[in-house]
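In case you want the letters, here they are:
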Amino acid sequence: MVDIQTYFIIDKSKKTETVELSHLSKSEINVIKHQPVFPGYIEIIHNENLILGKRYQDSVDHFWLNMIDGLDKLKTTGEYSIDYLYQPLKLQLHLKDTQLTLSITDDKTCLESWDLPKEEAIISMLHAAEEFMTLVNKETFTLFETEMGSLQQKLVKLNMFYTI
């Protein structure tokens, strides 16, 4: 099983707090909804192994926007990479047969690499991206107002492509 969670990192009264995506809509959590970058991280759990996680924190909105594009590009190219905004890192995705390989690279040096079952990983990524975009839409994050319709259409098309 491939389980994916999105976490926001929120500065509150001189301390940093980590908030899981599904708890973001609770009224006591205050997120500035018009800022261009939402700090946080993605956790992927596969066979009890942690993939990515807090050590690779960056911009979660940047991650999901690029992941949606990446899943679209994977259909034709079989590979895609996402540059981190605040770290000199890349997340590289590579499809091969029944596997999706995720690698974190610094310049051209591979820091970590994980192999996931392709279909399960992609479906989990699509579900997590939809969950993120649904919450962003529900919470009226102004950053995504103009893109929300096209992002949701792209997710529908990706789901149809990958589940057939």
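Going by the structure above, here's the rest.
This write-up is about the structure you can find in this document.

Time to look at the layout of surface pockets. In this structure, the second largest pocket encloses a volume near 170 Å³. Along the wall of the second largest pocket there are 11 residues; nearest its centre are Lys118, Glu119, Ile122, Phe161 and Tyr162. Counting only elements with at least two residues in the lining of the second largest pocket, the list comes to helix 1 (60–77), helix 2 (118–138) and helix 3 (148–163). Here the lining of the second largest pocket is built from residues that sort into seven nonpolar, one polar and three charged.

This paragraph deals with the sheet that holds strand 8 (residues 99–106). The strand order across the open sheet built from four strands is 6-7-8-9, with neighbouring strands paired in antiparallel fashion. The sheet is open, and its two borders are formed by strand 6 (79–83) and strand 9 (109–117), each paired with just one other strand. Averaged over all pairs of adjacent strands, the angle between strand axes in this sheet comes to 15°, irrespective of strand direction. Relative to strand 9, strand 8 runs antiparallel, the two being bridged by eight bridges. If you follow Thr105 over to strand 9, its bridge partner there is Cys110. Packing against the sheet, helix 1 makes contact with strand 6, strand 7 (89–96) and strand 8, and its axis sits at approximately 165° to strand 6.

Our focus in this paragraph is the packing of aromatic side chains. The tally for this structure, following the rule as stated, stands at four aromatic pairs. Ring centres of Phe63 and Trp64 lie 4.9 Å apart, and the angle between their planes is 85°; this geometry places the pair in the edge-to-face category. Trp64 shares its class with Phe63; the two are buried. Note that Lys75 overlies the ring of Phe161, its terminal NZ or CZ placed 5.1 Å from the centroid.

What counts as what
Residue indices follow the written sequence of each chain, beginning from 1 at its first position. Side-chain atom pairs in this predicted model are given and counted only at pLDDT of 80 or more, local residue features only at pLDDT of at least 70, and totals for whole chains, interfaces and linings cover all residues. Each side-chain value is worked out from all heavy atoms of the structure, with water and hydrogens disregarded. Buriedness of a pocket was judged along seven lines, with at least five required to meet protein on both sides within 12 Å; pockets are open sets of points on a 1 Å grid over the protein atoms alone, cavities are sets where a 1.4 Å probe fits but cannot get out, and lining residues have an atom within 4 Å of a point. Grid points are joined across faces, edges and corners, and a volume is the space filled by probe spheres set on the points. Only DSSP runs of H or I covering at least 4 residues are called helices, and only runs of E covering at least 2 are called strands; the numbering of each starts at the N terminus. Residues are grouped as follows: Ala, Val, Leu, Ile, Met, Phe, Trp, Tyr, Cys and Pro are nonpolar; Asp, Glu, Lys and Arg are charged; all remaining types, including Gly, are polar. By this definition, two strands are paired if DSSP reports at least two bridges between them. Lines fitted to C-alpha atoms define the axes here, with helix axes fitted over just the stretch in contact, and angles between the N-to-C directions of these axes take values from 0 to 180 degrees. Residues are treated as being in contact if the distance between any of their heavy atoms lies within 4.5 Å. In this scheme Phe, Tyr and Trp rings, the latter by its six-membered ring, pair at centre separations within 6.5 Å, and the angle between planes marks the pair as stacked below 30 degrees, edge-to-face above 60, and tilted otherwise. Throughout this description, buried means an accessible area under 20% of the type-specific maximum (1.4 Å probe, protein chains only), exposed means over 50%, and partly exposed covers the range between. The criterion is that NZ of a Lys, or CZ of an Arg, lies within 6 Å of the ring centre and within 35 degrees of the ring normal, and then a charge sits over that ring.

Honestly, that's just the spatial picture; any functional story needs more than this.
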